Amino acid sequence: MVCEKRTERQFWICGDIHGEVSGLVRNAVNRGISCADIRVVGDFGAGFGRPKSMDVAYGKVRAALERNDICIYTVRGNHDDPAFFDGKHDFERLHFLPDHYIIELCGKKIYPIGGAVSADIDFVDPLTRKSRRMVNDALVRYGSSKRVWWPDEAPVQLAVGSVPSADSTGSSTSSGTLFPECVDIVVSHEAPLSFDPPLVRADYVRDKTWLKILESRKYLDYVLSQVKPALWFYGHYHKHFEGVALRDDASHDSMRQTRYISLDIAEMMRVF
């Protein structure tokens, strides 16, 4: 049985789960959620663990997803292997959405932008005396297939070309423009610079990493100015933020608003 695309389906958003797929599904079932699409804002945990570990994780929740008619869609976080988000690793009720592919859920056009730069990549754990970068370098050096960090973790920036999209059957199309003219909701992992939280640099953050973080958030501000969504959800910071960003809208000669919401770890919120 595949996900049914009906406008009366519930739409939920969920914060970072860091591999706790069973916990996400258990929480949804305990809430009585059914006939629903759940969108995770990244850091799903794809790519951690042994090969085929995601197959095992999905196998544990498949029956519950089918029984309650729930589908899960996730964008890419900085704690996800980008290789999973190529459209070839999906399950019937679990989908890893490629960046910049518009998808329609519950009658709404949703624009996913995954990725973020790991600010803590060079933080040295006082117990192990190693940073995540050091651990990952050792895994590469010794020929392990396991990874705890991916160099191409940052949001993918569109420079030229068109924005691909996916219809309700999953078939890809193209809008023919750099950014979509109109979407209802943006779901990202990182936040635009104009959203909370404000940028604060920790002592362990290297100059190169800091510049990448700044560049990523500035780029998402540019996306905000081009896409002009009414709602924007994101994660990454493991805290709940809400606010309103004002933006110029030259086509209406006025200021327009985008409501933004950052979700805490595993926090769930019904959108409609």
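Draft legend 1. Layout of the overall build of the chain. Looking only at helices and strands, the chain features four helices and 13 strands. When each of the 272 residues of the chain is scored for burial, the buried share is 49%. Here the contacts in the chain between residues at least 6 apart in sequence split such that 72% fall between residues at least 24 apart. Of the roughly 13300 Å² of accessible surface on the chain, a fraction of 52% belongs to carbon and sulfur atoms.

Draft legend 2. View of the pattern of salt bridges. In the structure shown here, the tally under the stated rule is 11 salt bridges. Ionic pairing is found between Glu66 and Arg62, a salt bridge with its closest N-O pair at 3.0 Å. In this pair, Glu66 and Arg62 both sit in helix H2 (residues 53-67), four residues apart, roughly one turn of the helix. Judged by its relative accessible area of 40%, Arg62 falls in the partly exposed class. With its nearest N and O atoms 2.9 Å apart, the salt bridge here joins Arg76 to Asp99. Highlighted residues: Arg76 in the loop between strand E3 (70-74) and strand E4 (94-96) and Asp99 in the loop between E4 and strand E5 (102-105), separated in sequence by 23 residues. Judged by its relative accessible area of 3%, Arg76 falls in the buried class.

Draft legend 3. Main features of the side chain of His95. Mapped onto the fold, His95 is located in strand E4. A residue is classified by how much of its surface remains accessible, and His95, at 17% relative accessible area, is buried. Polar side-chain contacts of His95 include one of 3.4 Å to the side chain of Asp90.

Draft legend 4. View of the pairing of strand E9 (residues 185-188). Of the two faces of E9, the one lined by Ile185 and Val187 and the one lined by Val186 and Ser188 are each fully buried. Bridging between strand E6 (residues 108-113) and E9 involves four bridges; their strand directions are parallel. Looking at the pairing, Ile110 lines up with Ile185 of E9. Two elements, E9 and strand E10 (residues 231-234), share three bridges in a ladder whose sense is parallel. Bridging from a neighbouring strand, Val187 pairs with Phe233 of E10.

Draft legend 5. Inspection of unusual backbone geometry at higher detail. A cis amide bond, omega 0°, links Asp196 with the succeeding residue Pro197. Relative to the helices and strands, Pro197 resides in the loop between E9 and helix H4 (207-227). If you check the backbone angles, His238 has positive phi at about 55° while not being a glycine. Within the secondary structure layout, His238 lies in the loop between E10 and strand E11 (241-249). With a phi close to 60°, Ala266 is a non-glycine residue in the positive phi region. Its place among the elements puts Ala266 in the loop between strand E12 (254-262) and strand E13 (268-270). Judged by its relative accessible area of 36%, Ala266 falls in the partly exposed class.

Draft legend 6. Structural detail: H4. Along its 21 residues, H4 runs 30 Å from first to last C-alpha, staying within 8% of the 30 Å computed at 1.5 Å per residue. Taken as a whole, H4 has its buried residues at Thr209, Trp210, Ile213, Ser216, Arg217, Tyr219, Leu220, Val223, Leu224 and Val227. With its phi angle positive at about 55°, Lys228 sits one or two positions after the end of H4.

Draft legend 7. The arrangement of the packing of aromatic side chains in detail. Counted under the stated rule, the structure contains 12 aromatic pairs. Between Tyr234 and Tyr260, the ring centres sit 6.3 Å apart and the planes meet at 40°, which makes this aromatic pair tilted. With a gap of 26 residues between them, Tyr234 in strand E10 and Tyr260 in strand E12 connect regions that are remote in the sequence. The class of Tyr234 is buried, set by a relative accessible area of 0%.

Draft legend 8. Inspection of the nonpolar core at higher detail. With 27 residues, the main nonpolar core has Phe44, Met54, Ile72 and Phe96 as its most contacted residues. Residues in contact with Phe44, not counting those within four places in the same chain, are Ile17, His18, Gly19, Val21, Met54, Ile72, Thr74, Asp80, Leu94 and Phe96.

Draft legend 9. A look at the environment of Met268. Within the secondary structure, Met268 is located in strand E13. As for Met268 and Val40, which are separated by 228 residues in sequence, their C-alpha atoms are 9.1 Å apart. Met268 has contacts with Trp12, Ile13, Cys14, Leu24, Asn27, Ala28, Arg31, Ile33 and Ile38, leaving out every residue within four places of it along the chain.

The rules behind the values
- For every chain, the first residue of the written sequence is number 1, and numbering continues from 1 onward in sequence order.
- Totals for whole chains, interfaces and linings use every residue, but because this is a predicted model, local features are given only for residues with pLDDT of at least 70 and side-chain atom pairs only at 80 or more, for both listing and counting.
- Hydrogens and waters are ignored; side-chain quantities use all the structure's heavy atoms.
- Here a strand is any run of E in DSSP of at least two residues, a helix any run of H or I of at least four, and the numbering for each starts at the N terminus.
- The rule is simple: take the accessible area with a 1.4 Å probe, protein chains only, and divide by the maximum for that residue type; under 20% is buried, over 50% is exposed, in between is partly exposed.
- Here, two residues are considered to be in contact whenever any of their heavy atoms come within 4.5 Å of each other.
- Areas reported as accessible are Shrake-Rupley estimates using a 1.4 Å probe. Residue values count occlusion only from the protein chains shown.
- One speaks of a salt bridge when a side-chain nitrogen belonging to Lys or Arg is within 4 Å of a carboxyl oxygen belonging to Asp or Glu.
- N or O atoms closer than or at 3.5 Å make up a polar contact, with two conditions inside protein: a donor-capable atom paired with an acceptor-capable one, and, for residues adjacent in sequence, both atoms drawn from side chains.
- The rule for pairing is simple: two strands pair if DSSP sees at least two bridges between them.
- How far a helix is expected to stretch is found by multiplying one less than its residue total by 1.5 Å.
- Ring pairs shown here join Phe, Tyr and Trp side chains whose ring centres sit within 6.5 Å, with only the six-membered ring taken for Trp; geometry is labelled stacked below 30 degrees between planes, edge-to-face above 60, and tilted in between.
- We call a set of buried Ala, Val, Leu, Ile, Met, Phe, Trp, Tyr and Cys residues a nonpolar core when their side-chain atoms join them within 4.5 Å.

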